[in-house]
Amino acid sequence: MEHQFELPVAYKGQEYLFNGRLATFTYGYRFYVDINGHEIIFERDDEGELRAILPEFSSDSVVEKGLIEAVFNVFKDLQVL
């Protein structure tokens, strides 16, 4: 089952609004967030820690690590991951 949502993120003094979706599975869930045209997957790993799964990027289209961390922080603040 999937649910669409918008995720407000503050980063480097700017406000962003990213589109996302929640996919639920029998034993877990994943958040898919579109960050500047790249779909980043956020989930818990086998040890229960947060991780981001990044697509293969070309050298000219990289999502800043700090922006991904800002998204993590929003999920942590919401206590969803």
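Residues numbered from 1 in each chain as written. Predicted model: local features only at pLDDT ≥ 70, side-chain atom pairs only at ≥ 80, totals over all residues. Heavy atoms only, no water.

S.K.: Just give me the short version of the pairing of strand β1 (residues 2–11), but keep the residues and values in it.
M.R.: Two faces, one strand: in a regular strand the side chains alternate between the faces of the sheet. Of the pairings in the sheet, the one linking β1 to strand β2 (residues 14–25) comprises ten bridges and is antiparallel in character. If you follow Tyr11 over to β2, its bridge partner there is Gln14. Between β1 and β2, which follow one another and run antiparallel, lie two residues, and Lys12 among them has a positive phi close to 50 degrees. (Pairing = 2+ DSSP bridges. Helix = DSSP H or I, 4+ residues; strand = E, 2+ residues; numbered from the N terminus.)

S.K.: Can you tell me about the pattern of salt bridges, naming the residues and giving the values?
M.R.: Counted by the stated rule, this structure contains four salt bridges. For Glu64, the salt bridge is made with Lys12, and the minimal N-O distance between the two is 3.2 Å. With Glu64 in the loop between β5 (50–53) and α1 (65–78) and Lys12 in the loop between β1 and β2, this pair connects stretches of sequence that are 52 residues apart. Glu64 sits in the partly exposed class, given a relative accessible area of 40%. Among the ionic pairs, Glu43 bridges to Arg51, the shortest N-O distance being 2.4 Å. Classification of Glu43 as buried rests on a relative accessible area of 6%. With relative accessibility at 36%, the residue Arg51 sits in the partly exposed group. One network of salt bridges, in which partners are shared, links Arg30, Glu43 and Arg51. (Salt bridge = Lys/Arg side-chain N within 4 Å of Asp/Glu carboxyl O. Buried < 20%, exposed > 50% of the residue type's maximum accessible area, 1.4 Å probe, protein only.)

S.K.: Please set out the confidence of the model for the chain residue by residue, giving values where relevant.
M.R.: On average, residues of the chain carry a pLDDT of 88, and 91% of them reach 70 or more. By mean pLDDT, the top-scoring element of the chain is β2 (95), and the lowest-scoring one is β5 (89). (pLDDT = per-residue confidence, 0-100.)

S.K.: Mind laying out the environment of Ala70, listing which residues take part and the relevant values?
M.R.: Residue position: Ala70 is located in helix α1. Its relative accessible area of 10% is what places Ala70 among the buried residues. In the structure, Ala70 is positioned 61 residues away from Val9 in sequence and 6.6 Å away in space, judged by C-alpha atoms.

S.K.: Please set out the packing of aromatic side chains residue by residue, giving values where relevant.
M.R.: In total, this model carries six aromatic pairs according to the counting rule given. Geometrically, the ring pair formed by Tyr16 and Phe18 is stacked, given 5.6 Å between the ring centres and 10 degrees between the ring planes. Note on Phe42 and Phe72: the rings are 5.1 Å apart at their centroids and 90 degrees apart in plane angle, and the pair reads as edge-to-face. Residue Phe42 is found in strand β4 (residues 38–44), and its partner Phe72 is found in helix α1; the two are separated by 30 residues along the sequence. Neither residue differs from the other here; Phe42 and Phe72 are each classed as buried. It is Arg21 that lies over the ring of Tyr32; its NZ or CZ is 4.0 Å from the centre. (Phe/Tyr/Trp six-rings, centres within 6.5 Å; stacked < 30°, edge-to-face > 60°. Lys NZ or Arg CZ within 6 Å of the ring centre and 35° of its normal.)

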